[in-house]
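Take a look at the letters that make up each chain.
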Number of protein chains: 2
Amino acid sequence: MKIIRSEAIAFLKEHDNYLILSHQYPDGDTLGSAFALCRLLRRLGKKANVECNDPIPPRFSYLHADLPKQSFEPECVTAVDVADTKLLGSRLNKLYGDKIQLCIDHHGSNLEYAEKLLLDANAGAVGEMIFEIYRDIGVPLDKPAAEALYTAIATDTGCFKYSNTTPKTLRISAELMELGVNVEGINRLMFDLNSKARLALQVMILDSLRYDLNGRCASIFITKEMLERTGATDDEIEGFSSLPRTIEGVDCGITFRESDDGFKISVRTTSALNACEICRSLGGGGHPAAAGCRADSPLEAAYQQVIAAVKKFL
Amino acid sequence: MKIIRSEAIAFLKEHDNYLILSHQYPDGDTLGSAFALCRLLRRLGKKANVECNDPIPPRFSYLHADLPKQSFEPECVTAVDVADTKLLGSRLNKLYGDKIQLCIDHHGSNLEYAEKLLLDANAGAVGEMIFEIYRDIGVPLDKPAAEALYTAIATDTGCFKYSNTTPKTLRISAELMELGVNVEGINRLMFDLNSKARLALQVMILDSLRYDLNGRCASIFITKEMLERTGATDDEIEGFSSLPRTIEGVDCGITFRESDDGFKISVRTTSALNACEICRSLGGGGHPAAAGCRADSPLEAAYQQVIAAVKKFL
């Protein structure tokens, strides 16, 4: 059932012992929003923990270094930035997938799996929604919560570069800056930090570029072999999926990333194409300009299948 | 003589027949600010033209496509985003270098060459200063002027990623967005457009990386031969100079770009180092985090000289 912000706030005030779930392969928005919500609940005198199916990458450690796990029996399971219970990851999905009482999300494609869903598809990041919850609940943001929300908003909007950035996004971020957020440090950590392994991977990725559909579609490939040869970690792959769409004349940029059970496919489009529709036709979902799906077929078959799907929408 | 905004406004209202000068190798701030100022003056019923020593790169054509040159005898020469008359370029410097009546700038290193200088070293871009002039003068921004100012602000702050971004930068940009600025289109044009030639150049640049001073200094090299081999144009080199500083552990990123008369050297630093001080010691100048200088010695000599200068400040 969809609810409005005041109902979500009433719900948050009423209950206790919160387990806050982020999505698998966690990013800045799901983690920043989850930890900011966790801090809010603790400041309201409640118990709250954040859980993620995957280990939290070290570069996000400042979000939770001062937040030791509390011990309690979870009573109220909340999902943040999770459009589909499948995205919780298999372990957390099995444990909690059918027990989510509250979901706070900004994906138009949200499957409405939660008892209560607070959805704002116009929010550039869930971080904006948590900012508004702090404001309406009347708890002043402290610096760690402001840094978590800045992280959430900046990462999901490509540091205000993507088309999901709105005037509200910028105004909220201005307020967060005024709370003393270490913007320079966070931006460097999130957007500007290249390891030598990542640079080596970048050269290989650039070499893997393939063009289709008269140059309107460009694909890159990140294989397990490339990761082994460069020593790049999962977290060091972040950001490459926006590369192919940046090429002149390209309306659809695709990234094929090899995983243990096939390929994770990420699709980025200009406004000429809807990435979410393309990925839905392949069993995935997401936003109009950035969406994803999976394939368990071998690379060449998966590649041909995705290109055929793009062709239908071009 | 330094003046305040109300004095600059009085000056702009008093005179007519404005020649507005941008700096050589023009970027989004000098051009966006110059054309926004030109539009303001024309809306005040005055004559105004923008002039630049170099041709304006095609990707900036939307800034002036609807602004045909007016014919008049220049009476009032104004420089925008020009810290030093040398930066006007030799032709314009010879013609107007000693005749600048008004300079509007945000470089702390401005040499105060103009009769009247409006300086705001805290502004992320001169575009913010022109926005405030529109506001105080009471001329509502139209869409082309708003797009020029958004271009100025977004390009000079790395789309709000660099440390010169302030809460004011974000709030002004929120207002500009609300005026209907085509943010998605401009961001793609300014930040996200890679030609195939540019990608080929990127691979060569990554291959040219050299580390010094225990990995705290990283340098890249863009030679004329690389440009010839890839077919990349001057304008396609934009943005690479921020690359070396993004490498983990690097506090000083240096770009050596070969020109007809030596090398243009660009220095980017983290807050651990002052780029402007380094470049001043080499005869250049700029901002604390991004500065530049020139060298007319052969590459290896220029390189050793710059590394020695960095070492002094590290």
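What comes next concerns the included structure. (Residues numbered from 1 in each chain as written. Chains lettered and ligands numbered in written order. Predicted model: local features only at pLDDT ≥ 70, side-chain atom pairs only at ≥ 80, totals over all residues. Heavy atoms only, no water.)

1. Brief notes about the overall build of chain A
What counts here: Put simply, DSSP H or I for four residues or longer makes a helix, DSSP E for two residues or longer makes a strand, and each gets a number counted from the N terminus. Atoms counted for the radius of gyration: C-alpha only. Globule rule: 2.2 Å times the number of residues to the power 0.38. The charge count includes Lys and Arg as positive and Asp and Glu as negative, but it does not include His or the ends of the chains. One atom stands in for each charge, and that atom is NZ of Lys, CZ of Arg, CG of Asp or CD of Glu.
A tally of regular secondary structure across chain A gives 11 helices and 11 strands. What you see for chain A is a C-alpha radius of gyration of 19 Å, in line with the 20 Å of a compact globule of 314 residues. Along the first, second and third principal axes, the C-alpha set of chain A runs to 55 × 40 × 35 Å. Chain A carries 35 positive and 43 negative side-chain charges, and their two centres are separated by 1 Å.

2. Description of the sheet that holds strand 10 (residues 285-286) of chain A
Residues and elements named next belong to chain A. Counted only if it meets this: When DSSP finds two or more bridges between a pair of strands, those strands are recorded as paired.
Read from one edge to the other, the open sheet built from 6 strands follows the order 6-7-8-9-11-10, with strand pairing classed as mixed. Two strands in the sheet have a free side with no partner beyond their single neighbour: strand 6 (210-212) and strand 10. As judged from the 8 bridges shared by strand 8 (residues 252-259) and strand 9 (residues 262-269), these two strands associate in the antiparallel manner. Bridge pairing in strand 9 links I254 to V267.

3. Some remarks on the nonpolar core
One recurring pattern in soluble globular proteins: nonpolar side chains tend to sit buried together. Heads up, the condition is: What makes a nonpolar core is a set of buried Ala, Val, Leu, Ile, Met, Phe, Trp, Tyr and Cys residues whose side-chain atoms join them at distances within 4.5 Å. Only protein chains enter the area calculation, which uses a 1.4 Å probe; residues under 20% of their type maximum are buried, those over 50% are exposed, and those in between are partly exposed. Any two residues having at least one pair of non-hydrogen atoms within 4.5 Å are treated as being in contact.
Ranked by size, the top nonpolar core spans 108 residues in total, and within it I20 and L176 of chain A together with I20 and L176 of chain B carry the most contacts. Dropping the residues within four chain positions of it, L176 of chain B is found in contact with F131, L141, A146, L149, Y150, I153 and V181 of chain B. Listed in part, the 38 residues of the second largest apolar core include I237 and V250 of chain A together with L201 and I222 of chain B.

4. A word on the environment of P298 of chain A
Residues and elements named next belong to chain A. Inspection of the secondary structure assignment puts P298 in the loop between strand 11 (290-295) and helix 11 (299-313). Overall, P298 belongs to the exposed group, its relative accessible area being 60%. Taking C-alpha positions, P298 is 10.0 Å from D261, a pair spaced 37 residues apart along the chain.

5. Overview of the interface of chain B and chain A
Inclusion rule: The term buried area denotes the loss of accessible surface (1.4 Å probe radius) that occurs when two parts are joined, taken as the sum for both partners. Each salt bridge in this description consists of a side-chain nitrogen of Lys or Arg and a carboxyl oxygen of Asp or Glu lying within 4 Å of one another. We define a polar contact as two N or O atoms separated by no more than 3.5 Å, with the added condition that, inside protein, one atom must be a possible hydrogen donor and the other a possible acceptor, whereas residues neighbouring each other in sequence contribute only through side-chain atom pairs. All residues other than Ala, Val, Leu, Ile, Met, Phe, Trp, Tyr, Cys, Pro, Asp, Glu, Lys and Arg, Gly among them, are scored as polar; the first ten of these are nonpolar and the last four charged.
Contacts between chain B and chain A engage 38 residues on the former and 38 residues on the latter. Among the residues chain B hides against chain A, the three largest losses belong to K161, L170 and R188 of chain B. Together they make up 16% of the total. Put simply, chain B and chain A have 2 salt bridges between them. Across the salt bridge formed by E178 of chain B and R171 of chain A, the nearest N and O atoms sit 3.0 Å from each other. Taken together, the links from chain B to chain A amount to 12 residue pairs in polar contact (both at pLDDT 80 or more). Elements that contribute at least two residues to the side of chain B that touches chain A include exactly helix 6 (167-178), helix 7 (183-191) and helix 8 (196-207) of chain B. Top element by residues in the side of chain B that touches chain A is helix 6 of chain B. It accounts for 8 residues. Classifying every residue of the side of chain B that touches chain A gives 16 nonpolar, 12 polar and 10 charged.

6. Overview of the side chain of R42 of chain B
Residues and elements named next belong to chain B. With respect to the helices and strands, R42 occurs in helix 2 (residues 28-43). An unpaired buried charge is present at R42: no salt bridge exists, and D66, the closest side chain of opposite charge, is 7.7 Å distant. Separated by 3.1 Å, the side chains of R42 and N49 make a polar contact. Beyond its immediate stretch of four places on either side in the chain, R42 contacts A48, N49, L67, P68, K69 and Q70.

7. Thoughts on the relation of the copies chain B and chain A
Our working definition: Copies overlap after least-squares fitting; the atoms used are the C-alpha atoms of residues with pLDDT of at least 70 in both.
In the superposition of chain B on chain A (RMSD 0.1 Å, axial shift 0.0 Å), the rotation amounts to 180°. Read as a symmetry element, the transformation amounts to a two-fold axis. Taken as a fraction of all interface residues of chain B, those also at the interface in chain A reach 100%, which identifies the copy contact as same-surface.

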